Amino acid sequence: MAIRRIVWSLFLAGACAYAMAQNAPARFQLEIGGKQIGKADYQFTPAKNGFRAKAHYFFTVDAKSIIGERDADLGPDYELRSDTLHVSVNGENQTVSVAADPHASRLTFEGAAAGKPVSSTFDLHPGTVVFNNFDPSGVQGLIYMETARPQPDHQYWALLVQGKGVQVPMELTARELGEGTLNGTSIHLKHWHLKISGTEGEIRADTDNNLMEFDVPIQALAYRRAGFLLKKEDDAVPSQSVPGADAVEERSISFTSDGLKIPAVLALPKNLKAPVPVVVLVQGSGPHDADETIGPNKPFRDLAWGLAADGIATLRYEKRTHFAPETFRPHPDLDHEVTFDAVAALAFASAQREIDPGRVFLLGHSLGGTMAPVIAADQVQQVPGSVRGIIFLAGGALGIEETLQRQLLAQAKRQGADQGQLDAIQKQWQGIFQTINDPTTPADEMVGTPPLRLPETYWRSWISQDPSAELAKFHLPALVLRGTKDIQVSEGDFQALARANTAPGGENKQIEGLNHLMMPVAGDSTGQEYFQPAHVSPEVIQLIADWIGTFH
C-alpha cells in the first residue's frame, strides 16, 4: 500500500516480509581482503513504542584488539532516539553517547578524542543512522528504515561516531535482485548500492530484509552473515519467454479517477473482428505498477497476454500509490487506494469500441480480490448490469485480524521462533488490534509496527471488509481460484468465498502446486520464490478463459 513503498509479505501480492523484530541474534564475520578479522552480532527487539537494537563485535586490526557494544533506542520507523556505544581498544575503555532531540531537530554527541572529552551537536536530519566501524547493526538499521519509511529520493544521513563524530549524507539506490545460499539453502536477495562520504558499497539482504552482506570493495571490507554465500551473476537463472506475446496488441492509455489521470494498458487480441470480453485487473497490496511486478515476475502481464490468445481483452493500470503516492497520503483508506480507481477502470473499459459492454469482468488478486465485491457493487449501482462476473485470484476473505496473526505466526515459525516468541508476537498484535478497534483512537494516529504501522483511518477501512458477505448479498457469479501452496491466503479464505458464491454460473477451484502468485513452486512456498523468474500457470489462464466463455 502507499503509506510505505513496500509490497507487504503479509496479506497479499507482495513479496515477503519487511522490517520486523528479529527472533534470534544475527551473527556476522568481519573480513578485510577476504581474511576474517573478527565477529559481530546484533538483535532488534520490540520496545515501548519502537525498537531496541543491541550489538556486540570484536576484531583485531593494525595490532589493535577492539571490543564494542551498542545499545540503541529507536522509534517505530527505526528513527534514532538515543544510542550508546562502549568500546575497548587494547583494554582502554571509551563511551560514546548520542541523543536525538526531535523538538529542536538536533543531535547531541558526547565522546572522547585524543583522550579528552568532547561534545558536539549536529542537525537531526530525517533518516539519520548511527554508523560505527565493523558494526553491521547500523547497516541493518538503514535497511529497516528504508523498508519502513523510505526518505525522499532515498537520501539518508550517517552519524559516524569515531573521534569527534562526523555527519555525512548517504544515498541508497536499488539494484538488480540476486541469489545466494544461507547454510546451504537457496535464498533470493534484495540489493542496494550505497554512496557514503565518497565511498561506495553494496548491501544485500534477503526478502525478509535481513542483512546478508555489506561489501566495500575499495576498502576490501565486508560484513558477511555466518553461513551466507552470494551466487555469482554467471550462475543466475536465465529469463523465460512470456507466453502469448505474439497474440496481443497493447495500447498505452489513461483514464480519470477522482480527478487523477491513471496510466493504463489496454491489451487486445490481435486481428479482432468483433467486440470482445474484457477483464479489468486489480492488484494486491503494495504500490504496484500495471504488471503487478514482483521481483522479476509480472503476473498481470502474463494474464493479459495469455487471455489475449483466447480472444479476451484486459485493462491493467498503475496504482496511484505507485505513480502518485502523495495523492494518497491525505486520504489513507482502501477506497482511495483501491476502490475508486478500480470503479473508474470498469467504466472506462466498458466504453471502448473494441469491448462488448455486456461482458465486462472484474479480476481481483489478493487484496484486489478482497475488495472486488465492493468495487463491482459500486459500479453496478451506477450502471446496472455493467459487471458480468467477478474473478477472485487468491482473494482474501477472512477478517484482517485473524489473517495477519495467522500470517505473522507462520512467518515466525519459518524463521525458527520458539513457543515463547510466538506467544509474544500474538500478544503484541492482540494489543494492537485492541487499539485499532477502540472507537476513541484518533483517526490520524499511527497504529501497529513497521511495516504495518498505518493510520487508524486505514485500519478501520480494512477491518470493515467482509467480501464473503458482500458477494452473497450482491449475488453476482464468481470464479474463485486459489493455489494449494498459497501461504498468504488460506483454504479458509477459499472456502468462505466458495460458500458465498451461490449465483448461477459460479465456479470454485483450488489448483495443485501453485503459490500466491498462481505460479508453480517446487516444495513448500516460503515467499522467497516470488523472486525467481516464473509465469502464471497456463491452467489458471485457461480456467479464466473457459469460464468467461460460458457468458454470451
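Residues numbered from 1 in each chain as written. Predicted model: local features only at pLDDT ≥ 70, side-chain atom pairs only at ≥ 80, totals over all residues. Heavy atoms only, no water.

## Some details on the packing of helix α7 (residues 419-437) against helix α8 (residues 456-463)
Two numbers describe how α7 lies on α8: the axes approach to 10 Å, and their chain directions differ by 95°. Our classification of the angle between α7 and α8 gives roughly perpendicular. Seen from α7, the contacting residues are Trp429, Phe433, Thr435, Ile436 and Asn437; seen from α8, they are Glu456, Trp459 and Ile463. When the residues that make up the contact of α7 with α8 are grouped by side-chain class, the tally is 5 nonpolar, 2 polar and 1 charged. (Axes fitted to C-alpha atoms, helices over the stretch in contact; angles between N-to-C directions. Helix = DSSP H or I, 4+ residues; strand = E, 2+ residues; numbered from the N terminus. Parallel < 35°, antiparallel > 145°, perpendicular 65-115°, else oblique. Contact = heavy atoms within 4.5 Å. Nonpolar A, V, L, I, M, F, W, Y, C, P; charged D, E, K, R; others polar.)

## Here we look at the side chain of Asp302
By the element assignment, Asp302 lies in helix α2 (residues 299-308). Buried charge without a partner: Asp302 forms no salt bridge, and the closest opposite charge is Arg301, 4.6 Å away. Reaching out from Asp302, the side chain makes a polar contact with the backbone nitrogen of Val536 at a distance of 3.0 Å. (Buried < 20%, exposed > 50% of the residue type's maximum accessible area, 1.4 Å probe, protein only. Lys, Arg positive; Asp, Glu negative; His and termini not counted. Salt bridge = Lys/Arg side-chain N within 4 Å of Asp/Glu carboxyl O. Polar contact = N/O pair within 3.5 Å; in protein donor to acceptor, adjacent residues only side chain to side chain.)

## Some details on the packing of helix α9 (residues 467-474) against helix α10 (residues 491-500)
Between α9 and α10, the shortest axis-to-axis distance is 8 Å and the interhelical angle comes to 15°. One element, α9, and the other, α10, form an angle in the roughly parallel class. Crossing hand, α9 versus α10: right-handed. Here α9 contributes Pro467, Ser468, Leu471 and Ala472 to the contact with α10, which in turn contributes Ala496, Leu497 and Ala500. Residue composition of the contact of α9 with α10, grouped by class: 6 nonpolar, 1 polar and no charged. (Left-handed = near helix turned anticlockwise from the far one by under 90°.)

## As for α10
Listing the buried residues of α10 in full gives Asp493, Phe494, Ala496, Leu497, Ala498 and Ala500. Between the side-chain oxygen of the N-cap and the backbone nitrogen of Gly492 there are 3.2 Å, and the N-cap of α10 in question is Ser490.

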